[in-house]
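# Inside the fold
Each chain, written out:
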Number of protein chains: 2
Amino acid sequence: MTLQIQPVILCGGAGTRLWPESRGTRAKQFLPLTGSESLFRQTVARTPAGEHFLPPIILCGDAHVATVREQMGPHEAALLVEPMPRNTAAAIALAVARADAVTLLLVMPSDHVIADVPAFHAAIAKGARLAQQDWLVTFGITPTHPDTGFGYIASGAALGEEGFAVERFVEKPPLADAERMLAAGGYSWNAGIFLFRAGRMRDAMLTHCRAIFEAADRAVAAGMYDGDALYADAPEFEKAPSDSIDYAVMEKDARVAIVPVAMGWSDLGSWQAVHALAAHDPAGNAVSGDVFLHDSSGNLIRAGDKRVSVIGMEGVAVVVDGDDILVMPLARCQDVRAAAKARE
Amino acid sequence: MTLQIQPVILCGGAGTRLWPESRGTRAKQFLPLTGSESLFRQTVARTPAGEHFLPPIILCGDAHVATVREQMGPHEAALLVEPMPRNTAAAIALAVARADAVTLLLVMPSDHVIADVPAFHAAIAKGARLAQQDWLVTFGITPTHPDTGFGYIASGAALGEEGFAVERFVEKPPLADAERMLAAGGYSWNAGIFLFRAGRMRDAMLTHCRAIFEAADRAVAAGMYDGDALYADAPEFEKAPSDSIDYAVMEKDARVAIVPVAMGWSDLGSWQAVHALAAHDPAGNAVSGDVFLHDSSGNLIRAGDKRVSVIGMEGVAVVVDGDDILVMPLARCQDVRAAAKARE
């Protein structure tokens with residue numbers, strides 16, 4: 001019998017980079033940004049329970065439990081409810097604390113797009129072999145352009161056919177550095193997708209971030225069940241320092257592997273990224289809802305339940321959600337937080 | 001006793017140039033585009049009933065009767081209801097048909113802005129003296145820039161201190177011609193404001209556009225009263241050819257005078273014109289409603305009852321009305337009809 005992998009889906013993010021559609025209880029992962037299915041449902045469907053995968057563990061906040069259940073429908077899942085946001089290290093520690101030591105955990109954000117699922121599955125198979133050799137495995141996205149919005153990972157020594165030892169992690173770089181890394185090769189984008197044996201991660205956490213793991217472990221032990229959901233204990237979980245799994249573990253551990261993969265990945269981290277991935281008309285406009293366009297090109301127009309008329313515009317985002325209307329150049333969409341902050 | 005002047009306010013226009021705010025029964029003239037008062041109410045207030053002016057005659061379509069009454073409030077007015085739109089010559093003919101021959105009629109559009117009302121009154125006084133000498137008087141706006149959106153009027157021989165005989169009317173000119181006329185001087189914009197003795201206009205119409213006047217005359221005779229409103233008879237009025245007063249009378253008559261006047265006039269004929277006239281922040285943004293602006297300049301943002309957030313935009317109009325949202329460069333606002341046509 002093949003070892004089944006345990007998907008762990010990180011669903012705790014709120015995300016204001018796609019404001020106004022993403023906000024409050026309607027976080028980005030629950031929106032159908034690239035079609036009829038939400039990003040969360042696409043994520044769940046990518047590792048279906050069956051021969052290769054166990055039913056997923058969903059890590060989410062209290063505010064999202066109802067939405068998670070609604071979007072899971074009849075499909076089996078175990079919910080692990082974070083009483084408050086404590087970043088990815090503590091969230092993953094909750095899943096690790098609850099798992100058998102031999103279980104392989106596949107940690108995935110819930111709000112990414114992966115166009116080539118067979119390529120993802122092939123990478124998981126490679127990663128699983130490395131994880132069983134006690135590597136902490138990260139999946140690296142083969143860069144397509146010198147993006148300054150991602151961290152980079154440099155590959156070191158080859159580990160057979162499966163991947164490479166990680167040489168180093170690189171923070172989000174200036175453009176010149178990004179261009180240099182793209183030209184040099186051997187660098188991947190850090191996509192925040194991980195695979196490891198639970199016991200191996202437990203040991204790593206006890207070495208590198210003991211306070212986080214111990215708080216999560218106690219929060220699970222003192223947690224309360226409500227049907228398929230385990231609510232971690234708030235007073236205990238609150239003691240966990242807030243840190244990312246990258247900082248808390250991956251960048252500190254000596255045995256971290258990378259499996260590079262080209263799989264049509266996008267984190268949809270901005271309206272520009274949504275525009276890039278969406279279907280376009282011949283003039284490069286990506287529209288949804290009731291949109292009238294005249295002499296306009298390269299725009300992202302999302303009309304919500306309103307009627308948007310655009311004349312003579314190029315390269316702008318018009319995003320309508322309820323009574324909120326956002327208008328900005330796509331090239332400026334990193335600044336959307338200014339509006340989100342003012343409005344929420 | 002001074003001769004009182006009879007204001008005649010043309011309120012029949014629908015106007016799609018300020019779509020989406022101006023449309024259907026909520027025509028441009030009824031909107032508070034430049035402050036808290038609608039353009040119609042500003043027009044009425046400009047010639048208040050009293051020493052110099054009689055209560056106004058309001059020419060409007062059936063669809064606008066309720067709005068006219070509501071906006072008049074307790075103020076006296078006589079409504080003359082056009083059963084169908086037949087352009088300005090037929091509308092003015094209705095007022096002429098109903099008036100005593102000696103009455104001075106001051107015909108005004110209901111959707112213009114005049115900042116300097118004393119200058120307007122001074123011009124009316126001059127025009128009244130010419131009208132009593134049987135001139136058909138038009139008021140010409142002293143041009144401030146080589147606008148290609150207006151017709152021009154060339155002044156000829158001086159008529160005392162009061163004004164000039166009209167030498168000729170010039171259609172909306174190409175830019176080079178507009179620049180030439182501005183440089184030459186002696187040209188005014190045709191603002192569609194007229195003053196004449198009713199009997200004099202009746203004679204002119206019988207000479208230049210008999211079919212229009214006779215149809216209007218019969219439509220008044222066969223009309224029905226409803227309180228303060230006279231509904232012109234539809235079968236009779238329908239026979240009136242549709243023509244503008246400029247084409248039908250003014251450009252054909254030999255005794256037309258112009259009184260040039262600089263009075264802060266605007267026809268608010270586009271969102272660009274509304275932007276030009278509105279109050280601006282230091283960055284040149286004119287906003288109304290709930291608007292958040294970040295790093296943006298020279299925009300016109302009208303949020304209606306929604307919330308508009310604008311980041312990094314320059315020189316665009318964002319106009320919200322109900323469920324309609326219009327986004328376009330201010331410089332392209334002549335194209336708004338494309339959206340209005342598609343949407344209405």
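Residues numbered from 1 in each chain as written. Chains lettered and ligands numbered in written order. Predicted model: local features only at pLDDT ≥ 70, side-chain atom pairs only at ≥ 80, totals over all residues.

## Notes on the relation of the copies chain A and chain B
Mapping chain A onto chain B calls for a rotation angle of 180° and an axial translation of 0.1 Å; the resulting RMSD is 0.0 Å. The superposition operator between the copies reduces to a two-fold rotation axis. Of all interface residues in chain A, 100% are interface residues in chain B too; the two copies therefore contact each other through one and the same surface. (Least-squares fit on C-alpha atoms with pLDDT ≥ 70 in both. Contact = placed C-beta atoms within 7 Å.)

## Looking at the confidence of the model for chain A
Averaged over chain A, the pLDDT score is 94; the fraction of residues at 70 or greater is 99%. Confidence estimates for the predicted assembly give a pTM of 0.84 and an ipTM of 0.83. (pLDDT = per-residue confidence, 0-100.)

## Focus on the domain arrangement of chain A
Residues and elements named next belong to chain A. By the assigned domains, chain A splits into domain 1 (5–266) and domain 2 (271–343). Put simply, the middle of domain 1 and the middle of domain 2, counted by C-alpha atoms, are 30 Å apart. In this assembly, eleven residues from domain 1 lie in contact with 13 residues from domain 2. (Domains from an automatic or database assignment.)

## Details of the interface of chain A and chain B
If you look at the interface, chain A gives 26 residues, while chain B gives 26 residues. Going through the elements one at a time, β14 (286–294), β15 (300–311), β16 (316–321), β17 (324–329) and α11 (336–343) of chain A are the ones with two or more residues in the side of chain A that touches chain B. By residue class, the composition of the side of chain A that touches chain B is 16 nonpolar, three polar and seven charged. (Helix = DSSP H or I, 4+ residues; strand = E, 2+ residues; numbered from the N terminus. Nonpolar A, V, L, I, M, F, W, Y, C, P; charged D, E, K, R; others polar.)

## A word on the environment of Ile-5 of chain B
Residues and elements named next belong to chain B. By the element assignment, Ile-5 lies in strand β1 (residues 5–10). Between the alpha carbons of Ile-5 and Gly-50 there is a distance of 9.9 Å; along the sequence they are 45 residues apart. With residues up to four places along the chain from it excluded, the contact list for Ile-5 reads His-52, Phe-53, Leu-54, Leu-104, Leu-106, Ile-124 and Ala-128.

## Considerations on helix α4 (residues 117–132) of chain A
Residues and elements named next belong to chain A. With 16 residues, α4 extends 22 Å between its outermost C-alpha atoms, agreeing within 8% with the 22 Å of an ideal straight helix rising 1.5 Å per residue. Among the residues making up α4, those that are buried are Phe-120, Ala-123, Ile-124, Lys-126, Gly-127, Ala-128, Leu-130 and Ala-131. Note on α4: the residue one or two positions beyond its end, Asp-134, has a positive phi of about 65°. (Expected span 1.5 Å × (residues − 1). Buried ≥ 20, exposed ≤ 12 C-beta atoms within 10 Å, placed from the backbone.)

## So, the environment of Pro-235 of chain B
Residue and element names in this part refer to chain B. Inspection of the secondary structure puts Pro-235 in helix α8 (residues 234–237). We classify Pro-235 as exposed; it has 11 C-beta atoms within 10 Å. Remark: the alpha-carbon pair of Pro-235 and Glu-161, spanning 74 residues in sequence, is separated by 45 Å.

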